[in-house]
Amino acid sequence: MTTEQPSLALPAPPAGPDDQLIPARMVNEWVYCARLAYLEWVEGQWAANADTAQGVRVHARGRQSGPPAPDPADPAPPDMETRRVTLASERLGLIAEIDVLTLTDGAAVPVDHKKGRRPHVAEGAYLPERVQIAVQGLLLREAGYTCTEGALWYVESRERVRIPLTDELIATALSAASDLRLAAAARHIPPPLDHSAKCIRCSLLPVCLPDEVNLFRHGDVPRTPPPPADAAMPLYVQTPGARIGRSGEQLVVSVEGEADRKVAFGDVSELVLAGPVSLSTPALHEAVRREIPIAWLTSGFWFLTTTGSRGPRSAVARRAQYEAASDIGRALRFARELVAAKIRNQRTFLRRNWRGDAAERETLMERLRHLTEKAVHVPDRGALLGTEGEAAAIYFQAFPSLFTDAAHALGTFDYARRSRRPPADPLNACFSLSYALLTRAWATALEIAGLDPWVGLYHTERPGRPALALDMMEPFRPILADSTVLMAVNNGEISPDAFVRSAGGCALTPVGRRALIAGWERRLDQELSHPVFGYQLSMRRMLHVQARLLVRYLTGEISSYPHYIPR
Ligand code: SF4
């Protein structure tokens, strides 16, 4: 097993009284993959997979503590075995929980339980696990015990491996802890491993994006990421008065006059609650415990907030975001590229779906191409808004040229211009709902990535406006939201009676909404090739990859943010 360590020339600062103690498990991880330890310990990132779940099960066995260990000053301590012993040292800046501690003839031996089978390597175990034992031994010595060796117990092969605490192993453990503390103090994220097999099984792969970051570092082609572990889907509840409760492992949706609907928590990736629906405290607790995000929307699907999203337990990404948002020059550079990406995607969407006159299409393509170039050179945000508006006027005017003859014949989707408050006609009602769905999807993706959806780099802050979500969705409006609307109209999934019109405007009926939401979810599930990384992934995952890349860009790990611009 090889160990990649970033070269950190400066000595680590000593652990102060306010410094967090480094768990022995993190020292293990630092030696295994320094970036993994950094992401978990410094950035507060965590994600479960089958491996981590197995590890938790192994450590959960015999969870109860044993009798207290004897006083190390006792001149004749009894031989004994105890469990779950927590030791910490501010001087060393380390903390450890020892699975089993044995005392024989006054000598302490820490034993750590590991899932799986004993590896067949000369030292009896891999270096990270031996280092973890060394930290436990150091803490025992610090507490006054005699400790010259530890042991690893491999649960599957039921083998015990003796780990001598050599000076070399102790030095490696101290050096690893010191390097981790230094990296944390310097906010220096170690680089990803290069095409390592470790990454394929790593639960933090979707957070770390090792191959994607390495593409920026030295141009290596990324591997296709493994498919997602579960196929859970969002659960939408939009019926006024609906009640959501919990029955064991299931969510129970109750609507008056209808049979209860039961959905296993494990099948729900997100709860989307629109309008006056209620969620019981037990259901809320369980959703939060399982880290199922809950999106709260108005009856019109306008985003209010989310709870329970799986964001990191740190403000590293948010701090970087706020710094970027306050840097007018940096925010403008980002916004220029963002708007250029949106116009390019509008152009691509029109080109792909055009059903009108070919010469007219070429004129539109040329006008939008010109605006794309203009966007990246505008002097300020005001000019950028003007360019974006110019492109939007061209785009929406051309939109009816994408309809089939059958859709035109309905007369329902005749269209004058984009109108929002309220939508003036059926097509605008569809756009408004699809943009609301896109806003919600981005707000959740950003929160999960550790960013603040309310502070944008392009959209200005206003109460109730998720500015960063509105920023990030711009290039996705044509590709995701408008394409959902176009498919629903052209495929006849939205019929003329799916709308209610009033003097105030036009809205979708609940049935119409359901049809558009179903089309939206299908669109999210479609697999497309990532234009930068080349591999196939669903649009649902694409949003999360882009949100994580934004974190990598804002924290300075990659020099530019790769906007999603399909060809
Ligand atoms: S994905 Fe690879 S580089 Fe990233 S934290 Fe995991 S093991 Fe380390």
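Residues numbered from 1 in each chain as written. Predicted model: local features only at pLDDT ≥ 70, side-chain atom pairs only at ≥ 80, totals over all residues. Heavy atoms only, no water.

Chemist: How should the overall build of the chain be read in this particular structure?
Modeler: A count of helical and extended segments in the chain gives 19 helices and 18 strands. Taking the principal axes of its C-alpha atoms as reference, the chain extends roughly 95 × 60 × 40 Å. In the chain, which comprises 567 residues, the proportion classed as buried is 53%. The long-range share in the chain, meaning contacts at least 24 apart out of those at least 6 apart in sequence, stands at 64%. Element-wise, carbon and sulfur atoms account for 52% of the exposed surface of the chain, whose accessible area totals about 25500 Å². The distance from the centre of the 65 positive side-chain charges to the centre of the 64 negative ones in the chain is 4 Å. (Helix = DSSP H or I, 4+ residues; strand = E, 2+ residues; numbered from the N terminus. Buried < 20%, exposed > 50% of the residue type's maximum accessible area, 1.4 Å probe, protein only. Contact = heavy atoms within 4.5 Å. Areas by Shrake-Rupley, 256 points an atom, 1.4 Å probe, with all protein chains shown as cover. Lys, Arg positive; Asp, Glu negative; His and termini not counted. Charge placed at Lys NZ, Arg CZ, Asp CG, Glu CD.)

Chemist: When you look at the site of the ligand in this model, what are you seeing that I'm missing?
Modeler: Around the ligand, the surrounding shell consists of Cys-33, Leu-36, Pro-192, Leu-193, Cys-199, Cys-202, Leu-205, Cys-208 and Pro-210. Residue classes in the shell around the ligand are distributed as nine nonpolar, no polar and no charged. (Near = heavy atom within 4 Å. Nonpolar A, V, L, I, M, F, W, Y, C, P; charged D, E, K, R; others polar.)

Chemist: Would you explain the confidence of the model for the chain in this entry?
Modeler: It should be kept in mind that the predicted coordinates are not to be read in detail where pLDDT is low. The share of residues in the chain with pLDDT of 70 or more is 93%, and the mean pLDDT across the chain is 88. Below pLDDT 50 for its whole length, residues 1–12 participates in 25 contacts with residues either more than four positions away or in separate chains. (pLDDT = per-residue confidence, 0-100.)

Chemist: Can you help me understand the sheet that holds strand 9 (residues 250–254) in this one?
Modeler: Backbone-to-backbone hydrogen bonds pair the strands of a sheet. The strands run either parallel or antiparallel. In spatial order, the strands read 10-9-8-12; together these four strands make up an open sheet with mixed pairing. Strands at the two margins of the open sheet, each flanked by one partner only, are strand 10 (261–264) and strand 12 (278–279). Relative to strand 10, strand 9 runs antiparallel, the two being bridged by four bridges. Directly across from Val-252, in strand 10, lies its bridge partner Lys-262. (Pairing = 2+ DSSP bridges.)

Chemist: Where do I start with the side chain of Thr-439 in this structure?
Modeler: Position of Thr-439 among the secondary structure elements: in helix 15 (residues 426–449). Apart from residues no more than four positions distant in its own chain, Thr-439 is found in contact with Trp-302, Phe-303, Pro-466, Ala-469, Leu-470 and Met-473.

Chemist: Honestly, the packing of aromatic side chains in this entry has me stumped. Any pointers?
Modeler: For any two aromatic rings, the description comes down to two numbers: the centre-to-centre distance and the angle of the planes. Applying the stated rule across the entire model yields 14 aromatic pairs. Between Phe-334 and Tyr-561 the ring centres are 5.8 Å apart and the planes differ by 50°, which places this aromatic pair in the tilted class. Of this pair, Phe-334 sits in helix 11 (residues 328–353) while Tyr-561 sits in the segment after helix 19 (539–554), placing them 227 residues apart in sequence. Relative accessible area serves as the criterion here: at 8%, Tyr-561 is assigned to the buried category. Taken together, a centroid distance of 5.9 Å and an interplanar angle of 5° make the contact between Phe-431 and Tyr-435 stacked. Pair noted here: Phe-431 and Tyr-435 are both in helix 15, with a separation of four residues, about one helical turn. Tyr-435 gets classed as buried once you look at its relative accessible area, which sits at 7%. What links up through ring pairs into an aromatic cluster is the set Phe-349, Tyr-395, Phe-396, Phe-399, Phe-403, Phe-431 and Tyr-435. The residue whose ring lies beneath Arg-330 is Tyr-553, and the NZ or CZ to ring-centre distance is 4.8 Å. Sitting over the ring of Tyr-435, Arg-477 keeps its end group 4.6 Å from the ring centre. (Phe/Tyr/Trp six-rings, centres within 6.5 Å; stacked < 30°, edge-to-face > 60°. Lys NZ or Arg CZ within 6 Å of the ring centre and 35° of its normal.)

Chemist: Got a minute to help me understand the environment of Ile-517 in this structure?
Modeler: Here Ile-517 is to be found in helix 18 (residues 510–525). With 80 residues separating them along the chain, Ile-517 and Leu-437 place their C-alpha atoms 8.1 Å apart. Dropping the residues within four chain positions of it, Ile-517 is found in contact with Tyr-236, Phe-301 and Leu-437.

Chemist: Please clarify how the pattern of salt bridges should be interpreted in this entry.
Modeler: Pairing is possible between side chains that carry opposite charge, provided their charged atoms lie close to one another. Scanning all chains against the criterion turns up 28 salt bridges. Measuring nitrogen to oxygen at the nearest pair gives 2.6 Å for the salt bridge that ties Glu-373 to Arg-369. Of this pair, Glu-373 and Arg-369 both sit in helix 12 (residues 358–375), four residues apart, which is roughly one turn of that helix. The exposure class of Glu-373 is partly exposed, given its relative accessible area of 42%. A cluster of three or more residues bridged by salt bridges with shared partners is formed by Arg-246, Glu-249, Glu-286, Arg-289 and Arg-290. (Salt bridge = Lys/Arg side-chain N within 4 Å of Asp/Glu carboxyl O.)

Chemist: Mind showing me how you'd approach the nonpolar core here?
Modeler: Generally speaking, a soluble globular protein has its nonpolar side chains buried in company with each other. Core analysis: the largest hydrophobic core is formed by 96 residues, its most contacted members being Trp-442 and Leu-550. Looking at which element gives the most residues to this core, the answer is helix 15, with 15 residues. Ignoring anything within four residues of it in the chain, the contact list for Trp-442 reads Ala-469, Met-472, Met-473, Phe-476, Leu-543, Gln-546, Ala-547 and Tyr-561. Within the second largest apolar cluster, 54 residues are counted, among which are Ala-24, Met-80, Leu-92 and Leu-138. (Core = buried A, V, L, I, M, F, W, Y, C linked by side-chain atoms within 4.5 Å.)

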